[in-house]
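Inside the fold
Next come the chains, spelled out residue by residue.
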Amino acid sequence: MRKAAKAAIIIFGAAVIFFSLFGDMIYSAVTPDVSAYTVSAAVMTDGGLKLVLPKECVRDGRVMIIESYPAFERTVYTARSVEVLLREGDSESGKYLIESGLKQGDRVVLTSEKELREGDRVETDGHG
Amino acid sequence: MKRSKCTAARSKRGLTNSGRDGMHKKLRFKFIALSAPALIGFAEFYILPFIRSIAYAFTGGGLEKRFVGFENFIAVAENGYFRLALKNTALFSLIGVITVTTLAIILSFGLAGISEKALWIKAAFIAPYILPSASTVLIWQAVFDSNAYFSLTRSETWGGFFAVLPLYLLFIWKNVGIDIIILTAAISSVPREIYEAAALDGAGPKALRFKITLPMISPTVLFVALLSFVNSLKIFRESYLYYKTNYPPDSAYMLQNYMNNHFYKLNYENLSAAAVMFTLFVGVAIAAAWIISERSSKR
Amino acid sequence: MKTRVLKAFYALLGAFFLLASAALIIKSLIYNGGPSLLEYWELFTVDHAFFGYFWNSVFYSAAITAVSIAISLPLGFAFAKIRFKGSKALFYAYLLAALLPFQATLLPNYICLKSLNMLNTPLALTLPMMFSPLAVFLDRQFALSVPDELIDSARLETSSALRILRHAVWPHIKPGAAALAALIFCESWNTVEQALIFAMDNPGIYPLSVRLSDLPENVSGAGGATYMFPIFALFLILRKPLESPESGEIWGTK
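1. Details of the overall build of chain A
From N to C terminus, chain A includes 1 helix and 10 strands. Moving toward the C terminus, one meets the helices and strands of chain A in the order α-β-β-β-β-β-β-β-β-β-β. Each of the 128 residues in chain A was classed as buried or not, and the buried ones make up 21%.

2. Comments concerning the environment of Lys 206 of chain B
Residue and element names in this part refer to chain B. Take Lys 206: it is sitting in helix α11 (residues 205–216). Accessibility expressed as a C-beta count within 10 Å gives 8 for Lys 206, which makes it exposed. Measuring from C-alpha to C-alpha, the distance between Lys 206 and Ile 286 comes to 32 Å, with 80 residues separating the pair along the chain.

3. With respect to the pairing of strand β5 (residues 62–71) of chain A
Regular strands place their side chains on alternate faces of the sheet. Residues and elements named next belong to chain A. Where β5 meets strand β6 (residues 74–83), 10 bridges bridge the pair, whose relative direction is antiparallel. When the bridges of β6 are listed, Ile 66 appears paired with Ala 79. Counting the residues that bridge the hairpin from β5 to β6 gives 2 residues, and of these Glu 73 lies at a positive phi of roughly 65 degrees. Here 2 bridges tie β5 to strand β9 (residues 107–112), and the two strands are oriented antiparallel to one another. Across the sheet, the residue bridging to Ile 66 is Arg 107, located in β9.

4. Side note on the interface of chain A and chain C
At the interface, 17 residues of chain A touch 16 residues of chain C. Counting only elements with at least two residues in the side of chain A that touches chain C, the list comes to α1 (2–30), β5 and β6 of chain A. Ranked by residues supplied to the side of chain A that touches chain C, first place goes to α1 of chain A with 11 residues. For the side of chain A that touches chain C, the per-class residue count stands at 10 nonpolar, 3 polar and 4 charged.

5. Some remarks on the interface of chain C and chain B
With 63 residues of chain C in contact, the opposing surface of chain B contributes 73 residues. Contributing elements (two or more residues each) for the side of chain C that touches chain B: α1 (2–28), α3 (49–81), α4 (87–99), α5 (102–115), α7 (133–144), α8 (148–157), α9 (161–190) and α12 (220–237) of chain C. Per-element tally for the side of chain C that touches chain B: the top contributor is α1 of chain C, with 10 residues. When grouped by side-chain class, the residues that make up the side of chain C that touches chain B number 39 nonpolar, 16 polar and 8 charged.

6. So, the confidence of the model for chain B
Residue and element names in this part refer to chain B. For chain B, per-residue confidence averages 83 on the pLDDT scale, and residues scoring 70 or more make up 89% of the total. Taking the mean pLDDT of every element in chain B, the minimum, 54, falls on helix α1 (residues 2–12) and the maximum, 91, on helix α5 (residues 80–114). Here the predicted complex carries an ipTM of 0.89, next to a pTM of 0.87.

7. Remarks on helix α14 (residues 255–264) of chain B
Residue and element names in this part refer to chain B. α14 sits mainly inside the fold: 7 of its 10 residues count as buried. Every buried residue belonging to α14 is among Leu 255, Gln 256, Asn 257, Tyr 258, Met 259, Asn 260 and His 262, and all of these are buried. Backbone geometry just after α14 places Leu 266 at a positive phi near 65 degrees.

8. Brief notes about the confidence of the model for chain A
The share of residues in chain A with pLDDT of 70 or more is 73%, and the mean pLDDT across the chain is 75. Per-element averaging of pLDDT across chain A places strand β2 (residues 44–45) of chain A at the bottom with 49 and α1 of chain A at the top with 89.

9. Focus: the nonpolar core
Judged by nonpolar contacts, the single largest core of 150 residues is most densely connected at Ile 182, Leu 183 and Ala 274 of chain B together with Leu 180 of chain C. When residues are assigned to domains, this core turns out to be shared by domain 1 (1–36) and domain 2 (48–251) of chain C, each giving three or more. Excluding residues that lie within four positions of it along the chain, Leu 180 of chain C makes contacts with Ile 69, Ala 135 and Leu 138 of chain C. Of all hydrophobic cores here, the second largest spans 15 residues; its members include Leu 51, Leu 53, Met 64 and Val 108 of chain A.

10. Notes on unusual backbone geometry
Where the residue is not glycine, phi is negative for most of them; where a peptide bond is considered, it is trans in most cases. With a phi angle near 65 degrees, Leu 266 of chain B is a residue other than glycine that sits in the positive phi range. Here Leu 266 of chain B shows up in the loop between α14 and α15 (268–298). Since 10 C-beta atoms lie within 10 Å of it, Leu 266 of chain B is described here as exposed. Within the chain, Asn 120 of chain C stands out as a residue other than glycine whose phi angle is a positive 65 degrees. Examined against the element boundaries, Asn 120 of chain C turns out to sit in the loop between α5 and α6 (122–126). A residue is classified by how many C-beta atoms lie within 10 Å of it, and Asn 120 of chain C, with 18 of them, is partly exposed.

11. Side note on the packing of helix α9 (residues 159–187) of chain B against helix α12 (residues 218–232) of chain B
All names here are of chain B. Interhelical geometry of α9 versus α12 gives an angle of 155 degrees and a closest axis separation of 10 Å. Regarding the angle of α9 to α12, the classification is roughly antiparallel. When the axes of α9 and α12 are compared, the crossing they make is right-handed. Taken together, the residues of α12 that come into contact with α9 (itself represented by Phe 171, Asn 175, Asp 179, Ile 182, Leu 183 and Ala 186) are Thr 220, Val 224, Ser 228, Asn 231 and Ser 232. Of the residues that constitute the contact of α9 with α12, the class distribution is 5 nonpolar, 5 polar and 1 charged.

12. Side note on the environment of Asn 261 of chain B
Here Asn 261 of chain B lies in helix α14. Once the C-alpha coordinates of Asn 261 of chain B and Ile 292 of chain B are considered, the two residues, 31 residues apart in sequence, prove to be 36 Å apart.

13. Quick notes on helix α7 (residues 133–144) of chain B
Spanning 12 residues, α7 of chain B covers 16 Å between terminal C-alpha atoms, matching the ideal 16 Å at 1.5 Å per step. Those residues of α7 of chain B that are buried are in contact with α6 (119–130), α9 and α13 (236–243) of chain B together with α1 and α12 of chain C.

14. A few points about the packing of α5 of chain B against α12 of chain B
All names here are of chain B. At a minimum axis separation of 9 Å, α5 and α12 run at an interaxial angle of 135 degrees. If you check the angle between α5 and α12, you find them oblique. Two packed elements cross with a definite hand, and for α5 against α12 that hand is right-handed. Residues Phe 92, Ser 93, Gly 96, Val 97, Val 100, Thr 101, Ala 104 and Ile 105 of α5 pack against Val 221, Val 224, Ala 225, Ser 228, Phe 229 and Ser 232 of α12. Of the residues assigned to the contact of α5 with α12, the class counts are 9 nonpolar, 5 polar and no charged.

Criteria and cut-off values
Residues numbered from 1 in each chain as written. Chains lettered and ligands numbered in written order. Predicted model: local features only at pLDDT ≥ 70, side-chain atom pairs only at ≥ 80, totals over all residues. Helix = DSSP H or I, 4+ residues; strand = E, 2+ residues; numbered from the N terminus. Buried ≥ 20, exposed ≤ 12 C-beta atoms within 10 Å, placed from the backbone. Pairing = 2+ DSSP bridges. Contact = placed C-beta atoms within 7 Å. Nonpolar A, V, L, I, M, F, W, Y, C, P; charged D, E, K, R; others polar. pLDDT = per-residue confidence, 0-100. Core = buried A, V, L, I, M, F, W, Y, C linked by C-beta atoms within 7 Å. Domains from an automatic or database assignment. Axes fitted to C-alpha atoms, helices over the stretch in contact; angles between N-to-C directions. Parallel < 35°, antiparallel > 145°, perpendicular 65-115°, else oblique. Left-handed = near helix turned anticlockwise from the far one by under 90°. Expected span 1.5 Å × (residues − 1).

In structure tokens form, the structure reads like this:
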């Protein structure tokens, strides 16, 4: 029993030291940040929240938004897929008008480095 | 012949001048020099600040600091909260220390009877000391936060007792471990021969414990009591976390709460006066205890 | 029979005391109802900033413990074996200082550190705690148990105070020093209030004790367990000197 406790402590200690040195690197390597441009869905009209988006952003009636959750001394941004109601705009403009499905402050992904899947960690480069 | 030559030679070097403890001046000086860092630090971070505190205790008058005599002391002494805090702290320290020490003694005796080392039990007892305060308090709140208990704390005569009981239990739970470790070490150092001799004289196990072990480890018991006393004054952090407020229920309002609140109200003069008075009380109590112990050991 | 009952009783009691710590560790190893190291993974990678504070604490506590023990030993020995003027009064002052609640000296210490320009530096979080009165008190107690003959024979060999301490006194009090180290380390590891106030404007140098409660829910278990880990390790390392057979006498027997 004593040996087991000793071993556990040594292993844990090694883990602590290892991750102290490499934890950050591992985090970046394992969950690479995908760069993305976003725009905030903060446009209010009398009908409610409406946002105009290029067609490429919308797929199958869904858009990608970015959710942030507070980790310890950093905020982690994850991509999430949300269903929205659209109205096609002028066919030449190539834009959709989002009627509902988004809340004020939601950050919608306009373009991204790679195709985003649900749960991907995102690095937001800026607002469109 | 050799000896006188030696002594003569040594006296040339000034080494025969021994003090009452048999050490000559040079060596004593060296030891005291080695103690210099400790003494300087003590002066800088304990004595000087305390003197400053005393100075604060005598000033007042808002922005313009002027000497106000004993005004602050009188204000503190008349302050109902201070008296409450003093009473509660004295009660907590006294009851806490006695309970913890007695419990530790009983448990240590029991342990000594079972096994030589009893490592895991000792490790278990000291686990609460290691647990972070926040975690301990979380568990305590889970246990004591039921509606039933809450109504207990509201009852007429015993409400105060129940309100502060969690704090007492927390203190005991946290501090038995370290006391047990120290006491078991002391108990194991009592030489076997004494027990054997007493057993030959026909002493039973109870007599052995009370008449031999206990007196022999009494300096350790005193130290354990002192350690527990020092820790009892530190209950502030757990109290703050548990009651989630700077103003705990009346029966749990301690001196540190009083001082802390005055610290945040920027009322340093009051706080210093309270600290000085508290130190005075404790100082007198310790001096009394010391004198009593000196007298009893001389007999 | 009686021993068995007693043993069972102690086992039960021990389990009761272990409950909280065991619960914390178990909680940290569970995710979604099953055993998993996820909490630790999250803590060590995503919440990597945790380590900054962790090593702050390790550094502070180690420094405080080592220095405290080193500089208090000569003084403790002096109190025990050397007669000098005012030793009783000074020791009495030490005893009182050990009992002062920190609020009494907090403000003057703050002012002192400010005037020395040490505020918001690691020095503010270590220096004031390196002069523990408890250490001096205990060292005196330990030194009292060193037989005078040992010291006398050491004095015949050398006139260096340092050597006497190292060869005659230190080996004798090692178990006590181990216990003292554990006490000081634990105490400094858990201080919160002083650190908060002395390093107010430099949160990067906070010890872990201050930041532990700010960990997000999903890693709080792992955080608490890692917080306890160095103390476990310390007790394991110090186990031998703490358990050694001579360890009892130094606490003082009549």
